[in-house]
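Descriptive structure summary
Residues per chain, in single letters:
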Amino acid sequence: AVYLFAHPAVLLTAAVAVLAAGLEAYVPLEWDELSSWLHVARQMFVADAIFRGDMTFSVPGYIPGWHLMMAFANLPFATFGEDRALAAAAASQIAFGALVFDALRRGFSLWRDRPLAFAGAWGGAAVVAWVAGWGWLPPNLLIEPVQVLFTAAPFLLLPERLFAASPEAKGRLFAAGV
């Protein structure tokens, strides 16, 4: 039970929530944030639709995944907030840190006892996720840091797929990575 509450998914979510509570309101400064990412996400939120004929897109061919993540973070609220959209980027960062942690913990546990594997995995997850995502609190709402995380994640699952004990486990791990 102690290990469950010491998992990065739990602790980092709490830490980021505390850090974010003390910040000033987020002000988007990058031109791409205003013209594309936030603009489309706000339209999706207001229209309560992924696409509608009267919506404007700066680049209509983009897959709306990042827009949807930012709109989704605002669904429990009556108004759209850039701060809550930033939570989507922070959640991606936390999820990646937790994935790194789990991959390292399983790898370390092959040759170490459980507490040492747990500590080593925590250290590795923190360093790798911090570097890959430019910190725990994203500095902006651009897509590139999140793309790095989503591109790297399947490669973390690859060693587990290769060394999994059963064919069913290999298939599940591969599907999760894709």
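The present account deals with the structure reproduced in this document.

Proximity of charged atoms lets side chains of opposite charge pair with each other. On inspection of all chains with the given rule, the structure shows 2 salt bridges. We note a salt bridge from Arg 42 to Glu 82, for which the minimum N-O separation is 2.4 Å. A residue pair is termed long-range when its members are at least 10 positions apart, and Arg 42 in helix H3 (residues 31–47) and Glu 82 in helix H5 (residues 82–109) qualify at 40 residues. Overall, Arg 42 belongs to the partly exposed group, its relative accessible area being 33%. A salt bridge links Asp 54 to Arg 52, with the shortest nitrogen-to-oxygen separation between them at 2.9 Å.

An ideal rise of 1.5 Å per residue puts 24 Å on 17 residues; H3 measures up with 23 Å between its terminal C-alpha atoms. By the burial criterion, the buried members of H3 are Asp 32, Glu 33, Ser 36, Trp 37, Leu 38, Val 40, Ala 41, Gln 43, Met 44, Phe 45 and Ala 47. Trailing H3 by a residue or two, Asp 48 shows a phi angle of about 55 degrees, which is positive.

With that settled, consider unusual backbone geometry. Negative phi characterises most residues that are not glycine, and trans characterises most peptide bonds. Of note, the phi angle at Asp 48 is positive, near 55 degrees, even though the residue is not glycine. Tracing the chain through its elements places Asp 48 in the loop between H3 and helix H4 (65–72). Judged by its relative accessible area of 66%, Asp 48 is exposed.

Here we take up H4. Among the residues making up H4, those that are buried are Trp 66, His 67, Met 70 and Ala 71. Projected down its long axis, H4 shows its buried positions confined to an angular sector of 135 degrees, all on one face.

In this description, a pair of aromatic rings is defined by centroid distance and the angle of the planes. For the structure on display, the rule yields 3 aromatic pairs. Summarising the aromatic geometry, the rings of Trp 37 and Tyr 62 are spaced 5.4 Å apart at their centres and angled 5 degrees between planes, so their arrangement reads as stacked. With Trp 37 in helix H3 and Tyr 62 in the loop between H3 and H4, the pair connects residues that are 25 residues apart, well separated along the chain. With a relative accessible area of 5%, Trp 37 lands in the buried category. The ring centre of Phe 77 lies 4.1 Å from the NZ or CZ of Arg 84, which sits over that ring.

Below, the discussion takes up the environment of Gly 123. Looking at the secondary structure, you find Gly 123 in helix H6 (residues 114–133). We classify Gly 123 as partly exposed; its relative accessible area is 35%. Distance in space between the C-alpha atoms of Gly 123 and Phe 101 is 8.3 Å, their sequence separation being 22 residues.

All right, on to the side chain of His 67 then. For His 67, the location among the structural elements is in helix H4. Judged by relative accessible area, His 67 falls into the buried class, the value being 1%. Excluding residues that lie within four positions of it along the chain, His 67 makes contacts with Ser 36, Trp 37, Val 40, Ala 41, Met 44 and Tyr 62.

Attention shifts here to the nonpolar core. Membership of the largest hydrophobic core comes to 17 residues, with the highest contact counts inside it found for Trp 37, Leu 38, Trp 66, Met 70, Phe 80, Ala 85 and Leu 141. Mapped by element, the contributors of at least two residues to this core are H3, H4 and H5. In this view, Leu 38 contacts Pro 28, Glu 33, Met 70, Phe 80, Glu 82, Ala 85 and Leu 141; residues no more than four positions away in its chain are not counted. If you look at the next biggest cluster of nonpolar residues, it comprises 5 residues, including Val 40, Met 44, Ala 47 and Met 55.

Conventions adopted
- Note on numbering: residues in each chain are counted from 1, in written sequence order.
- Predicted model: local features are reported for residues with pLDDT of at least 70 only, side-chain atom pairs are reported and counted for 80 or more only, and whole-chain, interface and lining totals are derived from all residues.
- Hydrogens and water molecules were not included; the side-chain quantities draw on all heavy atoms of the structure.
- Criterion for a salt bridge: a side-chain nitrogen of Lys or Arg within 4 Å of a carboxyl oxygen of Asp or Glu.
- Counting from the N terminus, the helices are the DSSP runs of H or I reaching at least four residues and the strands are the DSSP runs of E reaching at least two.
- When accessible area is computed with a 1.4 Å probe and restricted to protein chains, residues below 20% of their type maximum are described as buried, those above 50% as exposed, and intermediate ones as partly exposed.
- Take the number of residues in a helix, subtract one, and multiply by 1.5 Å to get its expected span.
- Taken from the helix axis, the directions to the C-beta atoms give the arc we talk about.
- For this analysis, a ring pair means two rings from Phe, Tyr or Trp (six-membered ring only for Trp) whose centres lie within 6.5 Å, classed as stacked if their planes differ by under 30 degrees, edge-to-face if by over 60, and tilted for the remaining angles.
- Consider the ring centre and the ring normal. A charge sits over the ring if Lys NZ or Arg CZ is within 6 Å of that centre and within 35 degrees of that normal.
- The contact definition used throughout considers only heavy atoms, calling two residues in contact when any of these lie within 4.5 Å.
- Buried Ala, Val, Leu, Ile, Met, Phe, Trp, Tyr and Cys residues that are joined via side-chain atoms within 4.5 Å together make up what is termed a nonpolar core.

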